[in-house]
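Chain and residue survey
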Amino acid sequence: MFLHSVNLWNLAFYALMVFMATLGLWDVFFGFEENKCSMSYMFEYPEYQKIELPKKLAKRYPAYELYLYGEGSYAEEHKSLPLTGIPVLFLPGNAGSYKQVRSIGSIALRKAEDIDFKYHFDFFSVNFNEELVALYGGSLQKQTKFVHECIKTILKLYKGQEFAPKSVAIIGHSMGGLVARALLTLKNFKQDLINLLITQATPHVAPVMPLDRFITDFYMTVNNYWILNARHINLTTLSVAGGFRDYQVRSGLTFLPKLSHHTSALSVVSSAVPKTWVSTDHLSIVWCKQLQLTTIRAFFDLIDADTKQITQNPKKKLSVLNHHFIRHPAKHFEENPAIISDLTGTSMWVPVKVSKWTYVAYNESDKIYFTFPLANHRKIYTHVYCQSTMLAVHLFKTDTNSWIFGCINSTSMCRQGVDLSWKAELLPTIKSLTLRLQDYPSLSHLVVYVPSIHGSKFVVDCEFFKKETRSIQLPVTHLFSFGLSSRKVILNTSGLFYNIELLNFGQIYQAFKINVVSKCSSVKEEITSIYKLHIPWSYEDSLTIAQAPSSTEISLKLHIAQPENDSHVALLKMYTSSDCQYEVTVKTSFSQILGQVVRFHGGALPAYVISSILLAYGGQLYSLFSTGHCLEYAAMLDKEAKPYKVDPFVIMIKFLLGYKWFKELWDVLLLPELDAIVLTSQSMCFPLVSLILFLFGTCTAYWGGLLSSTSVRLLSSLWLALKRPSELPKDIKMISADLPFLTVVLIIVSWTTCGAFAILLTYLYYVFKIVHLQASLTSYKNSQTVNPKHSRRSEKKCSQHKDSAAHHRRLSVGDAEDSIRMHSTVINLLTWVVLLSMPSLIYWLKNLRYYFKLNPDPCKPLAFILIPTMAILGNTYTVSIKSSKLLKTTSQFPLPLAVGVIAFGSAHLYRVPCFVFIPLLLHALCNFM
């Protein structure tokens, strides 16, 4: 019956929307590289020593605990406190375990053993009872206060030690990173208690799903404090994102706000981190061996030799983080590196005059200095590029010797040279250096150093070139080319390095596939090429390693859109072989575009679904008012759920808010900020994306309606199978004898336990009433088929009853069908209200052993209004409201409310139920007016 009310064209449209949504979802959940993280293993059995907290503190926070991580002999030694190391506090995130500290704690312990415990770190971890703080924000402030107490407790464990710490370093995973930032907002918190903050996959910008006002208020408090007090915040902060593998927290949310007067904050994607170079999912970011090794190396480089604690020098802290997380020169970190190096010893000096040079070193017995005179090269070339494969066999231990220098005013050799190795960049298989010759006018020679080696082989290449020959422009294809067209460049020259400038690429909705085909002349050895996608306005680079000859596909899409005042161009840096030719093709990827829409704005979809249902609901109420009959939900969805009924109003309001007088009027009315403005500030192309989301929302509303209608029919069939067939109600009563009692009970449940729990019970009661009505109608129709004479007599009696007094009305078959159509739409609306309130219910159930009453409760005010409203609607039939004076007004309300849902609920989902209960309340009041 539901499908019969939809024509084939609309059905085909809904099927197409499902297909497009599936493409987008597939790209988000499966369209990324395989997990290349190595697992972190413990060498000894991990132990978690519970730290005894003051009794008052333990009583105030019964669900929270503090632990010290240890293994083997270290754990045994430190069971007798106090401690002597450097304290680091790990904060787990949403549903996170305190045991997640074991990966980084174990690696830090192994590193300390390597240096005979000259320095070591003590890793603490907080047990937040795996609370779902990403879904329910009511406990975020409580967690923040508990962490403050934990820091004070930790520092007390070091009292009396010679090098007692005065602060702790914090590593926060997911929401744990936000809790760490929130510490600064506490009144009695001293900023000096934290010396370093590293967050992993933490959504700093906004909540992933703003499901209650406590989350959004917490975010507003934290971010406003950090913005307004940026000049006074000296806390060095590093935010590491997981990249496209992390579909729970998109990387764009993890970037800390860039403020001109706050330079101690860095944000980077794990795929861009040197020696890591992999994308991590939301959980693997805490155990990814490559990333944890990088983090621990940084921690040990941050130690001050005098205090044996993490340095208090903010410049050094930022230098260390830049060295390990942004650009690694393939050398050990030095706070004040020697610029001038001695080039002495018994070494060979070999002059090289050619513009392109390759040297294969194998079992060299003597040190060799290759010198390149620059005077003649400056006349022809603009740049010089050198690379060396002198890397250790093991990826995590790199050769850190200086290998390239510059001689000043020298003829053929020099005793001292400028160490240019600090300008180099470490890549997975090479270390490379590119110099612009005019930046070094005082250099007369370039010197490449080849050490004496035994049993290993490596290759050093250098070439001089003009910039224009290695910088090639490649405009990307149009967004709406749908992959049917492509653009191509062919690299014919035999260079070692190319910059492909990807013109017109800078928006988050642009997504492309780059295909690099390499064709090589007959070579015996394996050739490795590196393709690095470099995004100059954010640290979200990614690398692809390919063996030539081959065909390699690279995904091209962004985490952060290009700022309006930024003129940089995204680059594909290609580290190639001179024995190969390369062909680069770019074309639009439609599935990845849909994936970007889902990734960035999928969280707003419930608002668009409810907006479509509200439009259909308003259409049903109006058809009841104008014709006396309620039309099918699917038919009304086709007729009423049109984007032009909603989007133009939102766009117009957004436009008017650009005028001062309208903005002042808006503020006088105490209206919240338009969500369209919030989403636009996050680089959302609002009209286009809103249209796509509206179509997806209408499609979801249709299939959701089909599912709920089918479920009601199946449940009614089960009811008839288990229970004696029912009859249609003989006497329509809005308020039955048990209704006031049931309403009071549910309100008491809401007050004493959890509002979402009471809403769920109300929903189940409402569904039961509709299933009972559907079963009665089915039973009546079955009896009508079996005994048509009896059915005609029943209809005659029914019509007589219908003409009698209004207080004793009998329900006809037509009225019952109209009522079920109306109730089906109400069920669809109520289902989404229940889904949006479900997170706080799950949180309450999970913490029931600690707290019987949820406090604060985001759903309690809604429950108080929704319970009596749904209790009345459960006993409401269309025949009882047809003649209501309020029906016409009620039918007009859903349209502006549908606009309101999009205007104020897209980025604040907790507001959406407020727009739903208003038409339901008016619908219920139609029984009385």
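All figures in this text were calculated on a predicted structure; none of them were measured in a lab.

Turning next to the overall build of the protein. Looking only at helices and strands, one finds 27 helices and 30 strands in the protein. Projected onto its principal axes, the C-alpha coordinates of the protein cover approximately 120 × 70 × 60 Å. A total of 929 residues make up the protein; the buried ones form 57% of that total. Pairs at least 24 apart in sequence give 81% of the contacts found in the protein among residues at least 6 apart. A total accessible area of about 41,000 Å² is found for the protein, and carbon and sulfur atoms account for 58% of it.

Turning to the side chain of Asn875, a few remarks are in order. As for its position among the elements, Asn875 is in the loop between helix H23 (860-873) and helix H24 (878-881). A relative accessible area of 5% places Asn875 in the buried class. Engagement of the side chain of Asn875 in a polar contact is seen with the side chain of Lys769, the distance being 3.2 Å. A polar atom in the side chain of Asn875 sits 3.0 Å from the backbone oxygen of Ala871.

So, on to the nonpolar core. Across soluble globular proteins, nonpolar side chains show a tendency to be buried alongside one another. By size, the foremost hydrophobic cluster in this structure holds 96 residues, and its most contacted members are Leu866 and Leu920. The element best represented in this core is helix H22 (residues 813-846), accounting for 12 residues. Within the second largest apolar cluster, 47 residues are counted, among which are Val147, Ile154, Ala182 and Leu183.

Taking the UniProt record as the reference, the feature "transmembrane region" (unreviewed entry) is found at residues 12-32, 605-625, 674-696, 742-766, 826-846, 858-877 and 897-922. A distance of 13 Å separates the end C-alpha atoms of residues 897-922, which is 77% helix and 0% strand.

The next subject is the pattern of salt bridges. Enumeration over the complete set of coordinates arrives at 21 salt bridges. Arg245 is paired through a salt bridge with Asp281; the nearest N and O atoms lie 3.6 Å apart. Of this pair, Arg245 sits in the loop between strand S7 (237-241) and strand S8 (265-269) while Asp281 sits in the loop between S8 and helix H8 (289-301); the two residues are 36 residues apart in sequence, bridging distant segments of the chain. Side by side, Arg245 and Asp281 carry an identical accessibility label, which is buried. Through salt bridges that share partners, Glu44, Glu71, Arg110 and Glu113 make up one connected network.

For the rest of this paragraph, the subject is the state of the cysteines. Evaluation of the coordinates by the stated rule reveals 4 disulfides. The disulfide partner of Cys386 is Cys462, and the gap between their sulfur atoms is 2.0 Å. Here the disulfide of Cys386 and Cys462 is right-handed, its torsion about the S-S bond being about 115 degrees. Highlighted residues: Cys386 in strand S15 (residues 383-388) and Cys462 in strand S21 (residues 457-465), separated in sequence by 76 residues. Looking at Cys386, the relative accessible area reads 1%, which means it is buried. If one numbers only the bonded cysteines of the protein, in the order they occur, the disulfide pattern is 1-2, 3-6, 4-5, 7-8. Here Cys859 stays unpaired: no disulfide links it, and the sulfur of Cys754, its closest cysteine neighbor, is 6.4 Å away. The class for Cys859 is buried, based on a relative accessible area of 9%.

As a further point, take the sheet that holds strand S27 (residues 542-548). The strand order across the open sheet formed by 5 strands is S22-S24-S29-S26-S27, and the pairing between neighbours is mixed. The two strands at the open ends of the sheet, each matched to only one other strand, are strand S22 (471-475) and S27. Mean inter-strand twist for the sheet, computed between neighbouring axes without regard to direction, equals 20 degrees. With 5 bridges joining them, strand S26 (residues 527-534) and strand S29 (residues 570-575) adopt antiparallel strand pairing. Paired with Lys532 across the two strands is Lys573, which belongs to S29.

The buried count for S21 comes to 7 of 9 residues, which makes it a mostly enclosed element. Looking at chain direction, strand S13 (residues 356-362) and S21 are connected through 7 bridges and run antiparallel. From the neighbouring strand, Lys356 faces S21, where its bridge partner is Glu463. As judged from the 6 bridges shared by S15 and S21, these two strands associate in the antiparallel manner. Looking at the pairing, Ser388 lines up with Val460 of S21.

To continue, consider the packing of H22 against H23. As a packed pair, H22 and H23 sit with axes 13 Å apart at the nearest point and diverge in direction by 160 degrees. Classified by the angle between their axes, H22 and H23 sit roughly antiparallel to one another. Once H22 is placed against H23, the crossing between them reads as left-handed. Contacts between H22 and H23 involve His823, Val826, Leu830 and Val833 from the former and Leu862, Leu866, Met870 and Leu873 from the latter.

Below, the discussion takes up helix H12 (residues 590-601). Over its 12 residues, H12 extends 16 Å from the first C-alpha to the last, a length consistent with the 16 Å expected when each residue adds 1.5 Å. Most of H12 sits out of view: 11 of its 12 residues are buried. Along H12, the residues classified as buried are Ser591, Gln592, Ile593, Leu594, Gly595, Gln596, Val597, Val598, Arg599, Phe600 and His601.

Below, the discussion takes up the environment of Leu887. Along the chain, the position of Leu887 falls in helix H25 (residues 887-892). Residues Leu887 and Phe625, spaced 262 residues apart in sequence, show a C-alpha to C-alpha distance of 6.4 Å. Residue contacts for Leu887: discarding those within four places in its chain leaves Leu621, Leu624, Phe625, Ile881, Lys882 and Cys926.

On to the sheet that holds strand S19 (residues 431-436). Either a parallel or an antiparallel arrangement is found when strands of a sheet pair, and the pairing is made through backbone hydrogen bonds. Taken in spatial order, the 5 strands line up as S13-S21-S15-S19-S18 in an open sheet, and their pairing is antiparallel. Where the open sheet ends on each side, the last strands, each with one partner, are S13 and strand S18 (425-426).

Rules used throughout
Residues numbered from 1 in each chain as written. Predicted model: local features only at pLDDT ≥ 70, side-chain atom pairs only at ≥ 80, totals over all residues. Heavy atoms only, no water. Helix = DSSP H or I, 4+ residues; strand = E, 2+ residues; numbered from the N terminus. Buried < 20%, exposed > 50% of the residue type's maximum accessible area, 1.4 Å probe, protein only. Contact = heavy atoms within 4.5 Å. Areas by Shrake-Rupley, 256 points an atom, 1.4 Å probe, with all protein chains shown as cover. Polar contact = N/O pair within 3.5 Å; in protein donor to acceptor, adjacent residues only side chain to side chain. Core = buried A, V, L, I, M, F, W, Y, C linked by side-chain atoms within 4.5 Å. UniProt positions renumbered as here; feature names shortened; annotations may be inferred. Salt bridge = Lys/Arg side-chain N within 4 Å of Asp/Glu carboxyl O. Disulfide = S-S within 2.5 Å. Pairing = 2+ DSSP bridges. Axes fitted to C-alpha atoms, helices over the stretch in contact; angles between N-to-C directions. Parallel < 35°, antiparallel > 145°, perpendicular 65-115°, else oblique. Left-handed = near helix turned anticlockwise from the far one by under 90°. Expected span 1.5 Å × (residues − 1).

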